Amino acid sequence: MNVSAPVALYIHVPFCLSICPYCDFVVVAGRAARGPANRLEAFLAAIHVELDLRADDLDTTVGSGRAPLSSIYLGGGTPSLLGPSQVCGLLDHVARRFGIARDAEITLEANPGRGDRGDLAGFRAAGVDRLSLGVQSLDPAELRTLGRRHGPADVTDAVAESRAARFRSVNLDLLYDVPGQSLRSWEWTLHAALRLEPDHVSAYALALDDPDAEGATSPLGDRLPLRPGAGAWRRRARPAQDEDRAADQYEMAERRLVAAGLRRYELSNWARRGHESRHNLAYWRCEAVEAVGPGAHAFDGSLTRRWNAARLEPYIASLRPADGALPAPPPGGREPLDPAAGRAEAAILGLRLRTGIDGAALLDPALAAGLEWGIEAGLVEAGRRLRLTSRGRLLASELFVRLLPDAPRAAPRTALHVQGTAA
Ligand code: SF4
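These numbers were taken from a predicted model, which means no experiment stands behind them.

**Considerations on the overall build of the protein**
Phase 1: Per the secondary structure count, the protein includes 14 helices and 15 strands.
Phase 2: Its C-alpha radius of gyration of 21 Å places the protein within 12% of the 22 Å reference for a compact globule of 423 residues.
Phase 3: With the C-alpha coordinates of the protein rotated into their principal frame, the extents come out at 60 × 50 × 40 Å.
Phase 4: For the protein, the residues scored as buried account for 56% of the 423 residues in total.
Phase 5: Sequence separation of 24 or more characterises 71% of the internal contacts of the protein that already satisfy a separation of 6 or more.
Phase 6: With the model as given, the accessible surface of the protein reaches about 17,800 Å², and the carbon-plus-sulfur share is 53%.
Phase 7: For the protein, the distance from the average site of its 51 positive side-chain charges to the average site of its 52 negative ones is 3 Å.

**What to know about the pairing of strand 7 (residues 263–266)**
Phase 1: Two elements, strand 7 and strand 8 (residues 269–271), share three bridges in a ladder whose sense is antiparallel. Looking across to strand 8, one finds that Arg263 is bridged to Ala271.
Phase 2: Hairpin geometry of strand 7 and strand 8 is characterised by an intervening segment of two residues between the two adjacent antiparallel strands.

**Points about the environment of Trp284**
Phase 1: Position of Trp284 relative to the elements: it lies in helix 9 (residues 278–284).
Phase 2: The exposure class assigned to Trp284 is buried, which follows from its relative accessible area of 9%.
Phase 3: Measuring from C-alpha to C-alpha, the distance between Trp284 and Leu349 comes to 4.9 Å, with 65 residues separating the pair along the chain.
Phase 4: Each residue touching Trp284, except ones within four places of it in the same chain, is listed here: Tyr204, Tyr265, Glu266, Asn269, Leu349, Gly350, Arg352 and Leu353.
Phase 5: Here Glu266 takes part through its side chain, which lies 3.5 Å from a polar atom of the side chain of Trp284.

**Some thoughts on the layout of surface pockets**
Space left empty within the atom packing is revealed by a probe, the size of a water molecule, rolled over the atoms.
Phase 1: There is about 280 Å³ of room inside the second largest pocket.
Phase 2: Of all the elements in the fold, those that place two or more residues in the lining of the second largest pocket are helix 1 (40–61), strand 9 (289–292), strand 10 (297–299) and strand 11 (304–308).
Phase 3: Each residue belonging to the lining of the second largest pocket can be placed in one class, and the counts come to seven nonpolar, three polar and seven charged.

**Considerations on the side chain of His93**
Phase 1: Structurally, the position occupied by His93 is in helix 2 (residues 84–97).
Phase 2: Given the relative accessible area of 5%, His93 is considered buried.
Phase 3: A distance of 2.9 Å separates polar atoms of two side chains, one belonging to His93 and the other to Asp52.
Phase 4: Aside from chain neighbours lying at most four places away, what touches His93 is His48, Leu51 and Asp52.

**Things to note about a positive patch on the surface**
Phase 1: A surface patch of positive charge is lined by Arg263, Arg273, Arg354, Arg384, Arg385 and Arg387.
Phase 2: Within the fold, Arg385 resides in strand 15 (residues 385–388).
Phase 3: The partly exposed category is assigned to Arg385, whose relative accessible area is 32%.

**Quick word on the packing of helix 11 (residues 339–352) against helix 14 (residues 396–403)**
Phase 1: Running from N to C, helix 11 and helix 14 point in directions that differ by 160 degrees, and their axes come no closer than 9 Å. For the element pair helix 11 / helix 14, the angle class is roughly antiparallel. For the element pair helix 11 and helix 14, the recorded crossing hand is right-handed. Facing Ala344, Ile348, Leu351 and Arg352 of helix 11, the residues of helix 14 in contact are Leu399, Phe400 and Leu403.
Phase 2: For the contact of helix 11 with helix 14, the class distribution of residues is six nonpolar, no polar and one charged.

**Side note on the pattern of salt bridges**
Phase 1: For the coordinates displayed, the defined rule picks out 21 salt bridges.
Phase 2: We note a salt bridge from Glu187 to Arg256, for which the minimum N-O separation is 2.4 Å. Residue Glu187 is found in helix 6 (residues 183–195), and its partner Arg256 is found in helix 8 (residues 243–259); the two are separated by 69 residues along the sequence.
Phase 3: With a relative accessible area of 25%, Glu187 lands in the partly exposed category.
Phase 4: You can call Arg256 partly exposed: its relative accessible area is 34%.
Phase 5: The shortest N-O distance in the salt bridge between Glu345 and Arg305 comes to 2.2 Å. Within this pair, whereas Glu345 is found in helix 11, its partner Arg305 is found in strand 11, the two being separated by 40 residues in sequence.

**Side note on a negative patch on the surface**
Phase 1: A cluster of acidic residues, Asp242, Asp244, Asp248 and Glu251, forms a negative patch on the protein surface.
Phase 2: Positionally, Glu251 belongs in helix 8.

**A look at helix 5 (residues 152–164)**
Phase 1: The end-to-end C-alpha distance of helix 5 is 19 Å, a good match for the 18 Å that 13 residues give at a rise of 1.5 Å each.
Phase 2: Turning to helix 5, its buried residues are Asp154, Val155, Ala158, Val159 and Ser162. Taken around the axis of helix 5, the buried residues stretch over an arc of 135 degrees, which confines them to a single face. For helix 5, the exposed residues lying more than 90 degrees away from the buried face are Ala153 and Ala164.
Phase 3: Of the surrounding elements, those touching the buried residues of helix 5 are helix 3 (120–126), strand 4 (130–136) and strand 5 (169–176).

**Examining the site of the ligand**
Phase 1: Near the ligand, the surroundings consist of Cys16, Ser18, Ile19, Cys20, Tyr22, Cys23, Val27, Gly77, Asn111 and Arg148.
Phase 2: Broken down by class, the residue content of the shell around the ligand amounts to six nonpolar, three polar and one charged.

About the thresholds
- Residues numbered from 1 in each chain as written.
- Predicted model: local features only at pLDDT ≥ 70, side-chain atom pairs only at ≥ 80, totals over all residues.
- Heavy atoms only, no water.
- Helix = DSSP H or I, 4+ residues; strand = E, 2+ residues; numbered from the N terminus.
- Rg over C-alpha atoms; globule rule 2.2 N^0.38 Å.
- Buried < 20%, exposed > 50% of the residue type's maximum accessible area, 1.4 Å probe, protein only.
- Contact = heavy atoms within 4.5 Å.
- Areas by Shrake-Rupley, 256 points an atom, 1.4 Å probe, with all protein chains shown as cover.
- Lys, Arg positive; Asp, Glu negative; His and termini not counted.
- Charge placed at Lys NZ, Arg CZ, Asp CG, Glu CD.
- Pairing = 2+ DSSP bridges.
- Polar contact = N/O pair within 3.5 Å; in protein donor to acceptor, adjacent residues only side chain to side chain.
- 1 Å grid on protein atoms, 1.4 Å probe; cavity = no way out; pocket = protein on both sides within 12 Å on 5 of 7 lines; lining within 4 Å.
- Points joined across faces, edges and corners; volume = space filled by probe spheres on them.
- Nonpolar A, V, L, I, M, F, W, Y, C, P; charged D, E, K, R; others polar.
- Patch = residues over 30% accessible without salt bridge, like charges linked within 9 Å, V, L, I, M, F, W, Y side chains within 5 Å.
- Salt bridge = Lys/Arg side-chain N within 4 Å of Asp/Glu carboxyl O.
- Axes fitted to C-alpha atoms, helices over the stretch in contact; angles between N-to-C directions.
- Parallel < 35°, antiparallel > 145°, perpendicular 65-115°, else oblique.
- Left-handed = near helix turned anticlockwise from the far one by under 90°.
- Expected span 1.5 Å × (residues − 1).
- Arc of directions from axis to C-beta.
- Near = heavy atom within 4 Å.

Right under this line is the structure:
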C-alpha cells in the first residue's frame, strides 16, 4: 500500500482550566492555561509551524494536488478555551496548506461550563459546524466525583446556545461505570441527555488505566505521567466499578438511545441519520489521518503510525527554537505496523462498526482462528459480513484480544466486559 492523502486532520489543544482525576488525555492546566504566563499563544505559534511542516511532507510524499480534507477535529484538552479568531486562524491555515472540502465536517470539543465553553456563536462563525460537549453525566454528585467544573444546568445552557448558534450537529459525550453511579442514576443521565435532543451521543465506560505502568509516559511517550492525587483517586475509584453493572448500563444506553431515534453505528456511538462522526469513521475505517499538537497520533493510510510526544514545552521548543535555529518536527515516534498486525487492527476497528467486516476475513490465516472462536462463542454473526452480536458487543474485548498476533487461546472470562475507551 502507498501513503495516501489524509482525509482528516486532528488538532490537539492541550489546555484545561483544571484536571479531572480520571483524565488520560494530554492536558496542561494551572498557569500554563490561564493568567499572564499562559502558554496558549506560544502553543498556537508552534502548531502553525507544525501544520506547515506536515503539509510540506505531504507535498513531497503525496503531491500538492491531493484531495482536500473532509474532516477537521479540534480536540483536547478544552479547545473552547481558544478565541474564535484563533480558531479561524487555524482553519484558514489548514485551508491554505491542506485544502478543506466544501462539505467538510469541522468539529470542536467544548466543556459545558460557563467559564470554559467559550464563544459558541463565534466558533460557528469561524466555520465550526459540529460541537462535541464533554457532558459525562447529568447527575450533580457524579460530576463532583469526576472532578468536573460544570453542573447539569450548564449542559442545558450550552446545548441551547449551540442550537441558537446553528451548529449542524451536536454531540454529547457520556460516561458510565462511574464510581457511585447506579443503574437508576445512569438512566436519569440518559433521560436528561435525550431531553436535549442531541444529534449524536458517545457513551464510554470510564477507563482507569495507569499510563505510567503501561510505559507510555517517557519523554517520547504520547501520554503524561499521572498527576499528584490522580493515582490515589483511581485506587479508590476502581473498587467502585463493576463490570456486570457496566454491562447493564451499556444495554440500557442501547435501548434508550435507539428508542429515541439514535442509531448505534459503532460500539459506543449513536447518531441520528446523517450525523455519524465522519472524523471517527476515518479512524475506524483505517483511513489516513494527519494530526498535529502534543500527543497527537497520525496514520499514513498504509502501515505507519506517527505520534508526537506529550510534553508541551519540548513541543514548542522544537517548532519555535529560541536560538533562531530552523524549526524541526516535535519529538515523538513512528511505528511501522507489520502486515498481520495491520490486518488485525483493521479487523478490530471494523468490527466496532455496525457494518462489520467482509466475511472473507475468515480466509485470512492470521484472523481465522480468532473469528471462528467468536462465531462459536456467539459473539460474531457469520455471513457475507461478520458483525458483533449483542453478546459480542458486551464481550468485544475478549474477541479483539484473540485477533491480535500471538493471541491467547485460553477460555473466555465469564464476567462481562464492555469495550470502551476514555471519552
Ligand atoms: S477530562 Fe476533559 S475537561 Fe477533564 S482534564 Fe481531561 S480533557 Fe480536561
